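Coordinate inspection notes
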Amino acid sequence: MSVPARSDPLPKVLIALTAVTGIVDAVAFLGLGQVFTAFMTGNILFLGFAAAGGEGLAPMGSLTALAGFVTGAVAGSRLGVAEAARPRRWLLASAAIASVLLVAAALAAIGLETVRGGLVPRHYAVIALTALAMGVRSATMWRLGAILNTTLVTGTLVTWIRRSTVGGGTPDAFQSYRVAALVAVFAGAAAGTLLLRAGLTAALLVAAAGVLGGIGGYVAHPASRRAVRA
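As a starting point, this report considers the structure included with it.

We now examine a nonpolar patch on the surface. There is a patch of nonpolar side chains on the surface, built from Leu-157, Trp-160, Ile-161, Val-179 and Val-183 and spanning about 390 Å² of accessible area. Among the secondary structure elements, those contributing two or more residues to the nonpolar patch are helix H6 (153-163) and helix H7 (175-195). Along the chain, Leu-157 falls in helix H6. The exposure class of Leu-157 is partly exposed, given its relative accessible area of 36%.

Contact geometry for helix H4 (residues 87-108) and helix H5 (residues 121-144): axes closest at 8 Å, N-to-C directions at 160°. Taken together, the axes of H4 and H5 are roughly antiparallel relative to one another. Seen from above, H4 lies across H5 with left-handed handedness. Across the interface between the two elements, Trp-90, Leu-91, Ser-94, Ile-97, Ala-98, Leu-101, Leu-102, Ala-104, Ala-105 and Ala-108 of H4 pack against Arg-122, Val-126, Leu-129, Thr-130, Leu-132, Ala-133, Met-134, Val-136, Thr-140, Arg-143 and Leu-144 of H5.

A few words now on empty space enclosed by the protein. Overall, the coordinates contain one cavity of 30 Å³ or more when judged by the stated rule. As a volume, the largest cavity reaches approximately 30 Å³. The wall of the largest cavity is formed by Gly-33, Gln-34, Phe-46, Leu-57 and Ala-58. Among the residues making up the lining of the largest cavity, the classes are represented as three nonpolar, two polar and no charged.

This paragraph deals with the packing of aromatic side chains. Counted under the stated rule, the structure contains four aromatic pairs. Taken together through their ring pairs, the aromatic side chains of Phe-29, Phe-36, Phe-46 and Phe-49 make up a single cluster. Of note, Arg-143 hangs over the ring of Trp-90, and the distance from its end group to the ring centre comes to 5.7 Å.

Let us look at the environment of Leu-17. Looking at where Leu-17 falls in the secondary structure, it is placed in helix H1 (residues 10-31). Look at Leu-17 and you get buried, because its relative accessible area is 0%. The spacing of Leu-17 and Thr-151 is 134 residues in sequence and 9.4 Å in space, taken between C-alpha atoms. Apart from residues no more than four positions distant in its own chain, Leu-17 is found in contact with Arg-137, Met-141, Gly-210, Val-211, Gly-214 and Ile-215.

Here is a general trend for soluble globular proteins: nonpolar side chains tend to be buried in one another's company. One finds Leu-102, Val-126 and Leu-204 to be the most contacted residues of the largest nonpolar core, which totals 48 residues. Elements supplying a minimum of two residues to this core: H1, helix H3 (59-82), H4, H5 and helix H8 (200-219). When near neighbours in sequence (up to four residues on either side) are disregarded, Leu-102 contacts Thr-130, Ala-133, Met-134, Leu-204, Ala-207, Ala-208 and Val-211.

The next thing to look at is the pattern of salt bridges. The final tally for this structure, using the stated rule, is two salt bridges. Across the salt bridge formed by Arg-86 and Glu-83, the nearest N and O atoms sit 2.7 Å from each other. Residue Arg-86 is classed as partly exposed on the basis of its relative accessible area of 39%. Accessibility expressed as a relative area gives 10% for Glu-83, which makes it buried. Between Arg-89 and Glu-83 there is a salt bridge, with the nearest N and O atoms lying 3.2 Å from each other. The structure contains a network of salt bridges with shared partners spanning Glu-83, Arg-86 and Arg-89.

Rules behind the numbers
Residues numbered from 1 in each chain as written. Predicted model: local features only at pLDDT ≥ 70, side-chain atom pairs only at ≥ 80, totals over all residues. Heavy atoms only, no water. Patch = residues over 30% accessible without salt bridge, like charges linked within 9 Å, V, L, I, M, F, W, Y side chains within 5 Å. Areas by Shrake-Rupley, 256 points an atom, 1.4 Å probe, with all protein chains shown as cover. Salt bridge = Lys/Arg side-chain N within 4 Å of Asp/Glu carboxyl O. Helix = DSSP H or I, 4+ residues; strand = E, 2+ residues; numbered from the N terminus. Buried < 20%, exposed > 50% of the residue type's maximum accessible area, 1.4 Å probe, protein only. Axes fitted to C-alpha atoms, helices over the stretch in contact; angles between N-to-C directions. Parallel < 35°, antiparallel > 145°, perpendicular 65-115°, else oblique. Left-handed = near helix turned anticlockwise from the far one by under 90°. Contact = heavy atoms within 4.5 Å. 1 Å grid on protein atoms, 1.4 Å probe; cavity = no way out; pocket = protein on both sides within 12 Å on 5 of 7 lines; lining within 4 Å. Points joined across faces, edges and corners; volume = space filled by probe spheres on them. Nonpolar A, V, L, I, M, F, W, Y, C, P; charged D, E, K, R; others polar. Phe/Tyr/Trp six-rings, centres within 6.5 Å; stacked < 30°, edge-to-face > 60°. Lys NZ or Arg CZ within 6 Å of the ring centre and 35° of its normal. Core = buried A, V, L, I, M, F, W, Y, C linked by side-chain atoms within 4.5 Å.

The quantities given are spatial measurements derived from coordinates; they are silent on function.
Put into structure tokens, the structure is as follows:
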């Protein structure tokens with residue numbers, strides 16, 4: 001994919017979706033038994049800790065999230081390939097699928113309290129649905145973000161450092177956006193923590209609206225005709 005034109009809102013859309021990622025993982029970690037349903041690195045680490053006998057972990061929650069995310073990412077990736085010639089249709093379908101899954105997770109969470117002891121079956125359902133949604137969303141973001149990848153926070157941070165004059169590189173047009181993406185994760189995590197006070201359902205509905213609004217808004221822009229990653 002070529003570098004987006006100045007009029008292309010894609011970088012801002014990716015940053016907004018990155019903030020949604022922060023919201024979702026705040027809800028998952030704080031409300032669903034210390035699992036991650038958007039950034040998978042934490043789950044893989046937790047599974048490694050549990051395999052070595054680490055205490056106070058919920059490996060089944062992490063395993064459920066990882067399985068759901070992988071399934072969603074496969075589905076999102078295959079959808080992107082199948083609809084490569086129709087980028088707007090692909091984006092709308094991706095936004096709809098991810099949002100519906102998040103709404104389904106929100107409905108499953110009605111009346112469900114945040115985890116205080118062990119996970120109950122409905123917690124697993126919410127984890128799986130949320131991870132599925134985030135898998136679809138991440139596959140879509142990856143395909144959109146050939147130039148500005150915000151799905152890997154560590155990679156974004158390292159790229160920002162590597163491109164900086166301090167790191168010996170040459171700054172490019174995306175340096176400010178990379179900083180904004182890092183700030184977006186922080187802000188999203190803080191917002192998710194606050195939203196969780198209103199309950200799991202409310203927080204997940206906000207996340208669903210964020211995904212649908214971010215991707216749907218981009219579809220309404222003419223630049224979305226060039227949305228597919230080469």
